[in-house]
Amino acid sequence: GPVSDLVQDSSKIDVLLTQSKNLGDVLKFAFDTPSGVPYNNLNITSGGNDGAKTNGLAVTGTLALEWTRLSDLTGDTTYADLSQKAESYLLNPQPKSAEPFPGLVGSNINISNGQFTDAQVSWNGGDDSYYEYLIKMYVYDPKRFGLYKDRWVAAAQSTMQHLASHPSTRPDLTFLASYNNGTLGLSSQHLTCFDGGSFLLGGTVLNRTDFINFGLDLVSGCHDTYNSTLTGIGPESFSWDTSDIPSSQQSLYEKAGFYITSGAYILRPEVIESFYYAWRVTGQETVSSTPPPLGQ
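Residues numbered from 1 in each chain as written. Predicted model: local features only at pLDDT ≥ 70, side-chain atom pairs only at ≥ 80, totals over all residues. Heavy atoms only, no water.

### Regarding the overall build of the protein chain
What counts, and what does not: Secondary structure elements are defined from DSSP: runs of H or I of at least 4 residues count as helices, runs of E of at least 2 residues count as strands, and each element is numbered from the N terminus. Computation of the radius of gyration draws on C-alpha atoms, with the globule rule given as 2.2 Å multiplied by the number of residues to the power 0.38. Each residue gets one of three labels from its accessible area relative to the maximum for its type: buried under 20%, exposed over 50%, partly exposed in between, using a 1.4 Å probe on protein chains only.
When you go through the protein chain residue by residue, the secondary structure sums to ten helices and eleven strands. What you see for the protein chain is a C-alpha radius of gyration of 20 Å, in line with the 19 Å of a compact globule of 296 residues. Dimensions of the protein chain, computed from C-alpha atoms along their principal axes, come out at roughly 55 × 45 × 35 Å. Taken across its 296 residues, the protein chain has 45% of its residues classed as buried.

Below, the structure written as structure tokens:
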């Protein structure tokens, strides 16, 4: 990797690679299904699973990068083949109704045939890593994974057009809504705060100022969910749906543009990645609500 020069003893790398291969070999029975879509919950002692009928978008779509990398390092294509076969159902979603907007797909996939069982769209937990890894696969190897980039671009453009949402009391903030059967869900999660970083990464790699600017808007929104609480820590989940504001949080919504639906904090790293990308793009240590033009 990019910091391999820091390693003084190369034998330690070999040990880690051997363990990575061992782990892949232990887990690869997850893909032993009629479609190749893996099970999520496994018993590695018995080689069994929980008998689930579906697997989630993020779970199915989060394996390709690591398993492809493992194949590239070991020379054994098995790991890449398994993960990319599962990914193929996400890149070419069926039925067509599972893709209500270009690039944005449903949340659950039938393990027996690889078809989507719904068209519920979000960048929240359960869906998040699929979109995250599309652009990262392209960054990893642009020659091999151009289709992944194309699907991310389609999803990003549809997200900007259909999912961008602004609280009524804070129209300067941008959050991502979810979508299901014509209805927007006006709530989000700490997990979703990777979204700004994804747009910034994609915008930087593809030289798309529109993606960069939208990414900075998303980072600013997540930044505000931190700065608006008494602790300075962002909530696990929050909403800006005015039809369901608890009376105890009305004043918070008026001021902050959101109210807290779960006040837990469980050390999730997603927002840190987005802050890091925003710093790299702008040079600012603090992201304001209205980011300055690039280069300033």
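### Topic: the state of the cysteines
Stated formally: The criterion for a disulfide is a pair of cysteine sulfur atoms lying within 2.5 Å.
Counted by the stated rule, this structure contains one disulfide. The disulfide partner of Cys-193 is Cys-222, and the S-S distance across this bridge is 2.1 Å. Between Cys-193 and Cys-222, the S-S torsion sits near -100°, and that sign places the bridge as left-handed. Highlighted residues: Cys-193 in the loop between strand 9 (187-189) and helix 7 (195-206) and Cys-222 in helix 8 (residues 209-227), separated in sequence by 29 residues. The burial state of Cys-193 is the same as that of Cys-222; both residues are buried.

### Some details on unusual backbone geometry
The omega torsion of the bond from Gln-94 to Pro-95 falls at -5°, within 30 degrees of zero and hence cis. With respect to the helices and strands, Pro-95 occurs in the loop between helix 4 (78-91) and strand 4 (108-110). Unusually for a residue other than glycine, Asn-181 sits at a positive phi of about 55°. Examined against the element boundaries, Asn-181 turns out to sit in the loop between strand 7 (178-180) and strand 8 (183-185). Judged by relative accessible area, Asn-181 falls into the exposed class, the value being 71%. For Asn-207, which is not glycine, the phi dihedral falls at a positive 60°. When you line up the elements, Asn-207 lands in the loop between helix 7 and helix 8.

### Quick look at the packing of helix 3 (residues 64-74) against helix 4
What counts is decided by this rule: Note on definitions: angles span 0 to 180 degrees between N-to-C directions of axes, and those axes are lines fitted to C-alpha atoms, for helices only across the stretch in contact. Should an angle lie under 35 degrees it is considered roughly parallel, over 145 roughly antiparallel, and from 65 to 115 roughly perpendicular; all remaining angles are considered oblique. Crossings are assigned a handedness: left-handed for a near helix turned anticlockwise from the far helix by less than a right angle, right-handed for a clockwise turn. Any two residues having at least one pair of non-hydrogen atoms within 4.5 Å are treated as being in contact. We call Asp, Glu, Lys and Arg charged. Ala, Val, Leu, Ile, Met, Phe, Trp, Tyr, Cys and Pro are nonpolar, and the rest, Gly among them, are polar.
Across the interface, helix 3 lies against helix 4 with an axial gap of 7 Å and an inter-helix angle of 155°. Considering their axes alone, helix 3 and helix 4 lie roughly antiparallel with respect to each other. Relative to helix 4, helix 3 is oriented so that their crossing is left-handed. Note on element contacts: helix 4 touches helix 3 through Thr-78, Tyr-79, Ala-80, Leu-82, Ser-83, Gln-84 and Glu-87, opposite Ala-64, Trp-67, Thr-68, Leu-70, Ser-71 and Thr-74. Tallied by class, the residues present in the contact of helix 3 with helix 4 amount to six nonpolar, six polar and one charged.

### Looking at the sheet that holds strand 11 (residues 259-262)
Convention followed: Two strands make a pair as long as DSSP finds a minimum of two bridges between them.
In spatial order, the strands read 9-10-11; together these three strands make up an open sheet with antiparallel pairing. In this open sheet, the two edge strands, each paired with only one partner strand, are strand 9 and strand 11. Each neighbouring strand pair of the sheet contributes to a mean axis angle of 30°, computed without reference to strand direction. Bridge analysis of strand 10 (residues 237-239) against strand 11 gives three bridges, and the strand direction is antiparallel. Bridge pairing in strand 11 places Ser-237 opposite Ser-262.

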